[in-house]
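Structural characterization, general
What follows is the residue order along each chain.
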Amino acid sequence: MDFTRRDTLALGAGATAMALLPLSAFAQADPNAELVGAPDDFLAGADAAAGDLTLTAPEIAENGNTVPISVDAPGAVEVRVYALGNPTPGVATFRFGPLAGSQAASTRIRLAGTQDVQAIAKMADGSYQTAMKTVKVTIGGCGG
């Protein structure tokens, strides 16, 4: 197939137009579909007990916009983290496949103020484990 200068310009204009279109023009996804619910939605009536799940978070965070957390859940297939005082409590979901070297993850989350952070792990056998930590958010490092 031979391309004329007119064909090349038309293809270039079409590619430019496609690149400038917003991504929402191609797919409609609900960005809150996974994490909108409370911990009870994830548990679906099951009980969560303490176990090997470890939630690490600072006791005092000077800035609630970037609070580092980490979870370690040996044997888990999924771990969800909830900030129970936030308007939308679900803040992170981690899924671990069969080839995962370890079931551990870390991230930074945003906290609206002093509140409890809860991690719930769904284990490979279908049981649930939970861990909770209270994080005190201070303004400008002034513990108040």
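Residues numbered from 1 in each chain as written. Predicted model: local features only at pLDDT ≥ 70, side-chain atom pairs only at ≥ 80, totals over all residues. Heavy atoms only, no water.

Per an unreviewed UniProt entry, the protein chain goes by Sulfur oxidation protein SoxY and derives from Mameliella alba.

Broken down by element type, the protein chain carries two helices and nine strands. The order of helices and strands in the protein chain, counted from the N terminus, is α-α-β-β-β-β-β-β-β-β-β. Residues classed as buried in the protein chain amount to 31% of the 144 residues present. Long-range pairs, those at least 24 residues apart, make up 62% of the contacts in the protein chain between residues at least 6 apart in sequence. When the accessible surface of the protein chain is split by element, carbon and sulfur atoms take 54% of a total near 9200 Å². (Helix = DSSP H or I, 4+ residues; strand = E, 2+ residues; numbered from the N terminus. Buried < 20%, exposed > 50% of the residue type's maximum accessible area, 1.4 Å probe, protein only. Contact = heavy atoms within 4.5 Å. Areas by Shrake-Rupley, 256 points an atom, 1.4 Å probe, with all protein chains shown as cover.)

Before going further, it helps to spend a moment on the sheet that holds strand β4 (residues 67-72). As summarised here, the arrangement of the three strands in space is β2-β4-β7, forming an open sheet in which the pairing is antiparallel. Two strands close off the open sheet at either side, each with one partner strand: β2 (54-56) and β7 (104-109). Neighbour-to-neighbour, the strand axes of this sheet turn through a mean angle of 15°, independent of strand direction. Examined bridge by bridge, β4 and β7 share six bridges and lie antiparallel to one another. Each residue of the ladder has a partner; that of proline 68, found in β7, is arginine 108. (Pairing = 2+ DSSP bridges. Axes fitted to C-alpha atoms, helices over the stretch in contact; angles between N-to-C directions.)

Summed over all chains, the structure comprises two salt bridges. Across the pair arginine 80 and glutamate 78 runs a salt bridge, and its minimum N-O distance is 2.9 Å. Per residue, the accessibility class of arginine 80 equals that of glutamate 78, and both read buried. (Salt bridge = Lys/Arg side-chain N within 4 Å of Asp/Glu carboxyl O.)

Take valine 91: it is sitting in strand β6 (residues 90-95). Residues valine 91 and isoleucine 109, 18 residues apart in the sequence, show an inter-C-alpha distance of 6.8 Å.

Attention now goes to the pairing of strand β5 (residues 76-83). Within β5, seven of the eight residues are buried, which leaves the element mostly enclosed by the surrounding structure. Of the strand pairs in this sheet, β5 and strand β8 (residues 115-123) are connected by seven bridges, and their pairing is antiparallel. When the sheet's bridge partners are listed, valine 79 is paired in β8 with alanine 121. Of the strand pairs in this sheet, β5 and β6 are connected by five bridges, and their pairing is antiparallel. Within β6, the residue paired with valine 79 across the bridge is phenylalanine 94. Hairpin remark: β5 followed by β6, antiparallel, with six residues in the connecting loop.

Quick look at the nonpolar core now. Within the largest apolar cluster, 25 residues are counted, with the highest numbers of intra-cluster contacts made by Val71, Val79, Val81, Leu111 and Val135. Elements that contribute at least two residues to this core include exactly β4, β5, β6, β7, β8 and β9 (128-137). Aside from chain neighbours lying at most four places away, what touches valine 71 is Thr54, Leu55, Val79, Val81, Phe94, Gln103, Ala104, Ala105 and Ala119. (Core = buried A, V, L, I, M, F, W, Y, C linked by side-chain atoms within 4.5 Å.)

Attention now goes to the side chain of glutamate 78. Within the secondary structure, glutamate 78 sits in strand β5. You can call glutamate 78 buried: its relative accessible area is 11%. Within the structure, glutamate 78 has its side chain in polar contact with the side chain of arginine 80 (distance 2.9 Å). (Polar contact = N/O pair within 3.5 Å; in protein donor to acceptor, adjacent residues only side chain to side chain.)

What follows deals with the side chain of glutamine 103. By the element assignment, glutamine 103 lies in the loop between β6 and β7. Among the residues examined, glutamine 103 registers a relative accessible area of 18% and is labelled buried. Within the structure, glutamine 103 has its side chain in polar contact with the backbone nitrogen of glycine 75 (distance 3.5 Å).

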